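Per-entry structural report
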Amino acid sequence: MSEQSEARSSAEVAAHVELHWTMAVGVIVVLLLAIITFTTIHWSTMPPSRVEVVDPATLHQSGEFVESNLGTGVDQRNRVVVHLLAEQYSFNPRCLVVPEGVSVTVRATSADVVHGFQILGTNVNTMLIPGYVSTFVMTLNGVGERAMPCHEFCGVGHAAMWATVRVVPRTEFETLIREKRRVSCG
Ligand code: CUA
């Protein structure tokens, strides 16, 4: 009789321990599923070019997107860099000057809503998202002017939001950049 109850109780203990381990595994599985769900939603709601963040509220006061730093310049590493700011409903500068056949780094952002950045006749096409710096490298061939429309609906003035890209010969650009720290048309 006592042997029997002992056997039963050890079976109960085994069942009890098993239940605890099952619960522990269950908690881990649920936790992993929660992490997968959270990261999937979190990543899919963020733009792919989210490498760098910037505070859209202080763009005009400090940092690389202040008025005086907008336009085309040459950095310490001798790279041609364009800084561009999009706002309802214009680009600043309204007309970019870039040298022909030279790789140009573009750094751009938006001060308000999502805008589009596209240079017609090229594969340059990205979104400008408030809070993020869109950056890419482009090389434009062929001297002349190209249209740069905003291609993301950004409000009532969207259709009128255009800029121009003026591609100039390398020597002309070098002359311009010697005269001014930041170059844009006009
Ligand atoms: Cu800016 Cu459409």
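This structure is a prediction, so every number in the text was calculated from the model and none was measured.

The next subject is the side chain of Ser 110. Here Ser 110 shows up in strand E5 (residues 103–110). Among the polar contacts listed, one links the side chain of Ser 110 to the backbone oxygen of Val 113, at a separation of 2.5 Å. Residues within four places of Ser 110 in sequence aside, it is in contact with Pro 56, Leu 59, Leu 85, Ala 86, His 115, Leu 128, Ile 129, Pro 130 and Gly 131.

This part covers the pairing of E5. E5 sits mainly inside the fold: 7 of its 8 residues count as buried. In the sheet, E5 pairs with strand E8 (residues 134–139) via 6 bridges, with the strands oriented antiparallel. For Ala 108, the partnering residue across the bridge sits in E8 and is Ser 134.

The 3 strands are arranged E4-E10-E9 in an open sheet whose pairing can be described as mixed. This sheet does not close on itself; its edge strands, each paired only once, are strand E4 (95–99) and strand E9 (144–149). When the angles between neighbouring strand axes are averaged without regard to direction, this sheet yields 25 degrees. Bridge count for E4 against strand E10 (residues 162–168) is 5 bridges, and the pairing is parallel. Residue pairing in the sheet places Val 97 in a bridge with Arg 166 of E10. The sheet contacts of helix H2 (residues 170–179) involve E4 and E10, and relative to E4 the element is tilted by about 115 degrees.

Rules used in this analysis
Residues numbered from 1 in each chain as written. Predicted model: local features only at pLDDT ≥ 70, side-chain atom pairs only at ≥ 80, totals over all residues. Heavy atoms only, no water. Helix = DSSP H or I, 4+ residues; strand = E, 2+ residues; numbered from the N terminus. Polar contact = N/O pair within 3.5 Å; in protein donor to acceptor, adjacent residues only side chain to side chain. Contact = heavy atoms within 4.5 Å. Buried < 20%, exposed > 50% of the residue type's maximum accessible area, 1.4 Å probe, protein only. Pairing = 2+ DSSP bridges. Axes fitted to C-alpha atoms, helices over the stretch in contact; angles between N-to-C directions.

Everything listed here is a matter of geometry and, on its own, says nothing about what the molecule does.
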